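Residues per chain are reported as follows:
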Amino acid sequence: MAEFNIQADSVDVTRIMEQIRQRIREKRGTDYTEQQIRELATVKVERFLDPRHVRSDLVEHYRQLEPPAALEPIPHERAGRAPGPAPEPVEFDSHTIYMSSRGPMGKLIRLIRKLLNPILRLFFNPDPVVLALARQGEINAWMLQILQQESDLAERVTKQFERAGAKFVAREELDALNFEVLNNLVVEMTRLSLDMKNHRMLVESVAGRLDFDERRARALESVVQRRSPVSPAVADGEVDESTSSTGSGRTRRRRRRSRRRPQTAETEGTGTDNAAAAGTVTQSEATEPVPSPGTATPPGDTAAPAGAPPRSHGVPISAPAVEPSPADLQQTPSPYAPDPDSAPAPASVSAGEQAPAPVPSIQGPSDAPSPAAAPATERVPPAAPKRDVGPDDQ
Amino acid sequence: MKLAVVVQRYGADLNGGAELHSRYVAEHLARHAEVEVLTTCATDYITWRNELKPGFEQVNGIPVRRFPVSRERDADDFGRRSTQVFEEPHSIAAELAWLRSEGPTSPSLIHHLRRHGDTYDYCIFFSYRYYHAYHGIRVARRRALLVPTAERDPALGLRIFGENFRGVRALMYNSYEERALINAVSNNETVPGVVVGVGSEVPARPEPQRFRQATGIEGPVLIYVGRIDENKGCRELFDYFERYASRSPGLTLVLIGNPVMPVPTHPGIRPLGYVTDREKFDAMAAADLLIMPSPYESLSMVTLEAWALGRPVLANGRCDVLCGQCIRSNAGLYYQSYEEFAETLHTIVSNSALRAALGVNGRAYFDTHYTWPVIERKYLDMLDRLDREAPGQEDRPEPLPGWLGRRRRDLLPGRQVVERLPAGPAPSAGGSQYSSDS
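The rules we used
- Residues numbered from 1 in each chain as written.
- Chains lettered and ligands numbered in written order.
- Predicted model: local features only at pLDDT ≥ 70, side-chain atom pairs only at ≥ 80, totals over all residues.
- Pairing = 2+ DSSP bridges.
- Helix = DSSP H or I, 4+ residues; strand = E, 2+ residues; numbered from the N terminus.
- Axes fitted to C-alpha atoms, helices over the stretch in contact; angles between N-to-C directions.
- Contact = placed C-beta atoms within 7 Å.
- Buried ≥ 20, exposed ≤ 12 C-beta atoms within 10 Å, placed from the backbone.
- Expected span 1.5 Å × (residues − 1).
- Arc of directions from axis to C-beta.
- Right-handed = clockwise from strand over helix to strand, strands pointing away.
- Parallel < 35°, antiparallel > 145°, perpendicular 65-115°, else oblique.
- Nonpolar A, V, L, I, M, F, W, Y, C, P; charged D, E, K, R; others polar.
- pLDDT = per-residue confidence, 0-100.
- Core = buried A, V, L, I, M, F, W, Y, C linked by C-beta atoms within 7 Å.
- Domains from an automatic or database assignment.
- Left-handed = near helix turned anticlockwise from the far one by under 90°.

Enquirer: An account of the sheet that holds strand 9 (residues 221-225) of chain B is needed here, citing residue identities and associated values.
Expert: All names here are of chain B. Strand order in the open sheet formed by six strands is 11-10-9-12-13-14, with parallel pairing between adjacent strands. Each edge of the open sheet is held by one strand with a lone partner, namely strand 11 (269-273) and strand 14 (332-335). If you compare each strand with its neighbour and ignore which way they point, the axes differ by 25 degrees on average. The sheet strands contacting helix 13 (residues 338-350) are strand 12 (289-292), strand 13 (313-316) and strand 14, and the helix crosses strand 14 at an angle near 160 degrees.

Enquirer: If you had to explain the environment of B:Gly332 to someone new, which residues and values would you point to?
Expert: As for its placement among the helices and strands, B:Gly332 is situated in strand 14. By C-beta crowding, B:Gly332 is classed as buried, having 30 other C-beta atoms within 10 Å. Non-local contacts of B:Gly332, meaning those with residues more than four positions away in its chain, are made with A:Val13, B:Pro312, B:Val313, B:Leu314, B:Ala315, B:Cys326 and B:Leu358.

Enquirer: An account of helix 7 (residues 176-186) of chain B is needed here, citing residue identities and associated values.
Expert: Residue and element names in this part refer to chain B. The element helix 7 is largely enclosed, with a buried count of nine among its eleven residues. At its buried positions, helix 7 is contacted by helix 6 (159-167), strand 7 (170-173), strand 8 (193-195), helix 12 (320-329) and helix 17 (414-419). Following helix 7 by one or two positions, Asn 187 has its phi on the positive side, about 55 degrees.

Enquirer: Account for the interface of chain B and chain A, naming residues and giving values.
Expert: Contacts between the two partners involve 19 residues from chain B and, on the opposite side, 16 residues from chain A. Residue assignment for the side of chain B that touches chain A shows that the elements contributing at least two residues are helix 12, strand 14, helix 13 and helix 14 (352-369) of chain B. Of all the elements, helix 13 of chain B adds the most residues to the side of chain B that touches chain A, at seven residues.

Enquirer: Any chance you could break down unusual backbone geometry for me, citing the residues and the numbers?
Expert: All names here are of chain B. Omega for the bond connecting Gly 103 with Pro 104 falls within 30 degrees of zero, at -10 degrees, which places this linkage in the cis form. Here Pro 104 is to be found in the loop between helix 3 (92-102) and helix 4 (107-116). Even without being a glycine, Trp 48 presents a positive backbone phi close to 55 degrees. Considering the arrangement of structural elements, one finds Trp 48 in the loop between strand 2 (34-40) and strand 3 (55-59). Of the residues examined, Trp 48 has 25 C-beta atoms within 10 Å and is grouped as buried. A positive phi is found at Asn 60, a non-glycine position, where the angle reads about 55 degrees. Counting through the fold element by element, Asn 60 comes out in the loop between strand 3 and strand 4 (62-67). A tally of 11 C-beta atoms within 10 Å means that Asn 60 is categorised as exposed.

Enquirer: Lay out the sheet that holds strand 4 of chain B with the relevant residues and their values.
Expert: All names here are of chain B. Read across the open sheet, the eight strands follow the order 3-4-2-1-5-6-7-8; overall the sheet is mixed. Of all strands in the sheet, those with a lone pairing partner are strand 3 and strand 8, marking the two edges. Averaged over all pairs of adjacent strands, the angle between their axes in this sheet comes to 25 degrees, without regard to strand direction. Here four bridges tie strand 2 to strand 4, and the two strands are oriented parallel to one another. Bridge pairing links Thr 39 to Arg 66 in strand 4. Docked against the sheet, helix 1 (residues 17-29) engages strand 1 (2-6), strand 2, strand 4 and strand 5 (122-126), running at close to 170 degrees with respect to strand 1. On the sheet, helix 5 (residues 131-139) packs against strand 1, strand 5 and strand 6 (144-147) and is oriented at approximately 150 degrees with respect to strand 5.

Enquirer: I'd like a description of helix 15 (residues 372-388) of chain B, backed by residues and values.
Expert: Residue and element names in this part refer to chain B. For helix 15, built from 17 residues, the straight-helix expectation of 24 Å at 1.5 Å per residue is met to within 8% by its first-to-last C-alpha distance of 24 Å. Buried residues of helix 15: Ile 375, Tyr 379, Met 382 and Leu 383, and no others. Down the axis of helix 15, the smallest arc covering the buried residues is 95 degrees, so these residues share one side. In helix 15, those exposed residues whose orientation departs by more than 90 degrees from the buried face are Pro 373, Asp 384, Asp 387 and Arg 388. Turning to helix 15, the residues buried within the fold contact helix 1, strand 5, strand 7 and strand 8.

Enquirer: Can you tell me about the pairing of strand 13 of chain B, naming the residues and giving the values?
Expert: Residues and elements named next belong to chain B. Relative to strand 13, strand 12 is paired through three bridges, and the arrangement is parallel. Its bridge partner lying in strand 13, Leu 290 is registered against Val 313. In this region the chain leaves strand 12, passes through helix 11 (residues 301-308) and returns to the parallel neighbour strand 13; the handedness of that crossover is right-handed. Strand direction decides the pairing type here: strand 13 and strand 14, joined by four bridges, are parallel. In the strand pairing of strand 14, Asn 316 is matched with Tyr 335. Each parallel crossover has a hand, and the one from strand 13 via helix 12 to strand 14 is right-handed.

Enquirer: Would you mind going over the packing of helix 8 (residues 208-215) of chain B against helix 10 (residues 277-286) of chain B in detail, with residue names and values included?
Expert: All names here are of chain B. Where helix 8 contacts helix 10, the axes come no closer than 7 Å and their chain directions differ by 95 degrees. Considering the angle they form, helix 8 stands roughly perpendicular to helix 10. Contacts from Pro 208, Arg 210, Phe 211 and Arg 212 of helix 8 reach helix 10 at Glu 279, Asp 282, Ala 283, Ala 285 and Ala 286. For the contact of helix 8 with helix 10, the class distribution of residues is five nonpolar, no polar and four charged.

Enquirer: Explain the confidence of the model for chain A to me, and be specific about the residues and the numbers.
Expert: All names here are of chain A. On average, chain A scores 61 in pLDDT, and the residues at 70 or more come to 41%. Within chain A, no element has a lower average pLDDT than helix 11 (residues 274-278), which sits at 38, and none a higher one than helix 6 (residues 117-123), at 88. Confidence drops under pLDDT 50 across residues 1-5; counting only partners more than four residues distant or on other chains, this segment forms nine contacts. Scored below 50 in pLDDT, residues 44-49 makes one contact in the model with residues more than four places away or belonging to other chains.

Enquirer: I'd like a rundown of the pairing of strand 3 of chain B, residues and numbers included.
Expert: All names here are of chain B. Along strand 3, only zero of the five residues are buried, which leaves the element largely exposed. As judged from the five bridges shared by strand 3 and strand 4, these two strands associate in the antiparallel manner. Looking across to strand 4, one finds that Phe 56 is bridged to Arg 65. Connecting the antiparallel pair strand 3 and strand 4 is a turn made up of two residues, with Asn 60 showing a positive phi of about 55 degrees.

Enquirer: I'd like a description of the environment of B:Ala214, backed by residues and values.
Expert: On the secondary structure map, B:Ala214 appears in helix 8. In the structure, B:Ala214 is positioned 65 residues away from B:Glu279 in sequence and 9.8 Å away in space, judged by C-alpha atoms.

Enquirer: Please give an account of the nonpolar core that cites residues and values.
Expert: Residue and element names in this part refer to chain B. Counting 134 residues, the largest nonpolar core has Ile 223 and Leu 290 as the members making the most contacts within it. Lining this core are residues from two domains, each supplying at least three of them: domain 1 (2-199 + 371-430) and domain 2 (208-369). Apart from residues lying up to four places away in sequence, Leu 290 is in contact with Ile 223, Val 225, Met 284, Val 302, Thr 303, Ala 306, Arg 311 and Val 313.

Enquirer: If you had to explain the confidence of the model for chain B to someone new, which residues and values would you point to?
Expert: Residue and element names in this part refer to chain B. Summing up the model confidence of chain B, the mean pLDDT is 90 and the portion of residues at 70 or higher is 96%. Every residue in residues 430-438 is under pLDDT 50, and counting partners more than four places away or in other chains gives 14 contacts. Quick note on the complex model: pTM equals 0.54, ipTM equals 0.79.

Enquirer: I'd like a description of the packing of helix 2 (residues 75-87) of chain B against helix 3 of chain B, backed by residues and values.
Expert: Residue and element names in this part refer to chain B. In the contact formed by helix 2 and helix 3, the axes pass within 9 Å of each other and the chain directions differ by 150 degrees. Taken together, helix 2 and helix 3 sit at an angle that is classed as roughly antiparallel. In this structure, helix 2 meets helix 3 at a crossing whose hand is left-handed. Contacts between helix 2 and helix 3 involve Asp 77, Phe 78, Arg 81, Ser 82, Gln 84 and Val 85 on the former and, on the latter, Ala 94, Glu 95, Ala 97, Trp 98, Ser 101 and Glu 102. Taken together, the residues that form the contact of helix 2 with helix 3 break down as five nonpolar, three polar and four charged.

This is the structure in structure tokens:
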């Protein structure tokens with residue numbers, strides 16, 4: 001939080017809150033992209049989808065779950081408890097107690113009973129009994145009707161249960177299918193997880209290589225830039241354009257020549273090399289003094305005393321992984337330098353190198369890419385060899 | 001002049017907001033008038049159980065007349081009726097039933113007001129939402145002043161209270177936000193009202209070192225004072241603080257007050273429980289700032305006390321009252337999310353110059369508006385004004401609808417009504433003088 005210039009009476013809470021909210025907005029914009037915010041918003045969902053959170057023993061666990069017991073059909077009527085046929089309803093009224101089933105004699109009996117009825121009433125009143133029995137007959141009929149309705153209802157419920165049972169059976173089949181799908185999903189997620197790990201390692205590997213290449217390129221560029229300001233070739237506007245990226249065969253040769261300088265001094269200036277054959281040698285090579293063997297030369301140390309032996313050391317074109325000092329570059333051969341016996345590539349030579357042979361073709365200063373780059377190197381397009389040069393000085 | 005202070009509970013050891021407020025007001029107005037407190041025998045605001053003897057007694061030199069509560073609160077019944085009136089379309093009968101269920105139902109107190117109300121020049125009712133205030137104002141409306149202590153809660157949206165807001169002689173608001181809410185819900189702009197609040201008695205020389213030595217707490221301190229309750233925003237506070245402390249350790253959150261929820265075990269959280277006033281003020285003086293996480297406050301006395309001690313406040317920005325007070329006083333910041341909590345807290349803790357400036361502003365705000373002479377003067381001026389002005393309304397309260405009308409379910413849910421009310425900090429008061437109030 002930036003300090004506020006604070007006088008107590010100048011504090012404005014509203015303004016402070018605006019500043020704080022502005023800072024929160026800026027922080028959000030800097031720290032989180034829209035995609036990240038969306039990811040944060042869906043983090044809860046992803047917790048369930050993340051394969052890392054899937055239990056590896058989920059399938060086994062699922063398999064160990066006991067399946068529900070199969071549904072047994074409920075018997076509609078248990079044996080031995082069948083109700084049997086319904087009894088016939090009996091109609092009962094006030095005359096029923098006097099009736100007789102003996103035909104014509106029965107009429108006489110009924111008549112006698114009716115005659116004796118007053119005597120019977122001396123003992124008890126049959127009317128309530130008659131009424132109760134009659135009402136019981138009605139109740140029985142009513143109950144029978146209800147039972148009939150309930151029976152119909154039970155039948156419908158039974159059908160519903162049968163339908164539900166069928167659904168349960170289908171559900172069990174679906175569960176088996178779900179299990180299979182789940183199993184496949186877990187397998188696929190595991191496979192995807194492994195693939196993802198592989199791809200991540202692959203990406204890291206590629207990124208490492210890319211990083212290495214970039215650093216190597218930077219090292220090369222920096223070496224060239226350090227050496228170029230004092231180059232007479234720059235002053236003359238004669239600079240090899242391909243210095244920073246090509247011509248490794250040339251450099252390798254020059255370094256070797258540098259090491260053997262005491263023995264091969266008399267051959268200097270007479271032979272040419274592959275780079276020269278490719279026609280990309282800077283003129284400065286002819287004027288660059290050569291340090292004594294084993295002496296590291298600082299980058300700007302090009303003002304050698306007049307009459308000193310010409311410098312013939314080469315600059316390794318392929319830089320090491322870490323950016324070396326120019327002295328290291330002069331003394332330590334790059335392990336990544338291409339094989340000098342391979343086909344000659346367009347060489348590039350730093351401005352301080354000595355050219356053992358006249359430059360076949362040099363692009364003029366007009367090809368300098370930018371004023372900023374011009375003092376360091378001037379790019380010279382590789383040209384075809386105009387003549388077959390002599391034997392290599394090696 | 002004889003004044004009656006009518007409040008749901010009263011006692012020297014009761015620390016509820018409205019109850020403490022009423023006691024302070026009664027004790028300070030007693031220097032200028034004859035004051036009698038009318039209250040219930042209850043001490044527990046959950047059950048309203050009669051725990052004190054009915055009758056007359058003295059509390060800190062103030063005569064207190066207690067009346068029994070006729071029925072304790074049935075929590076299930078109250079919850080059911082609350083859901084009915086807050087969440088569903090309902091009738092006036094349902095609101096009255098809710099009020100009876102809420103309590104403290106003390107018909108004898110209302111009867112006393114009906115019979116002896118003429119002996120008081122004015123009756124100052126506290127807390128609009130309780131039984132005693134609703135029925136008491138209907139009985140003594142020509143002499144009734146109301147200290148609503150209203151918050152943005154669904155009870156404010158009930159129809160029955162609107163008539164009381166319009167029917168009292170004057171309203172003594174706690175904040176501009178409260179006044180805006182009540183004006184909006186009841187259209188009572190014509191009723192005299194003044195934003196008063198309440199003062200606080202803060203020791204002149206608290207000793208923060210005593211607190212540091214007693215507790216062994218070093219480094220910056222964030223303090224919370226009050227009931228440790230989820231309804232007070234403490235759960236959110238704990239969550240935010242733990243997240244903040246995981247990135248910026250070294251800050252200590254001191255909690256003062258009785259917990260009614262579990263306090264997380266965290267090395268940076270120090271619950272001290274209930275402490276004496278002296279210890280409380282020592283702790284507040286030792287703190288770098290006060291945190292007030294409650295989303296519902298009509299007036300935070302502890303906030304005022306922090307400002308009186310020259311301590312800045314970090315308040316919940318969802319509470320209109322706290323947010324408005326921070327803006328008007330320029331003495332506190334506020335937050336509405338974790339990001340704002342972290343930024344504002346870091347701003348105050350890390351910027352000593354800002355902290356000091358906010359504290360100076362808080363102190364000035366308190367001195368201007370919330371010292372007792374100012375509070376007393378506001379009450380007395382209002383009473384003088386009411387003496388001069390004839391009551392502008394009839395003596396009888398607005399009649400309730402008939403039997404069928406009271407049962408017609410045509411009222412909106414209370415929560416829905418409150419959600420439609422204007423939100424946010426109230427516009428500036430237009431100066432520090434309450435004379436601008438209508």
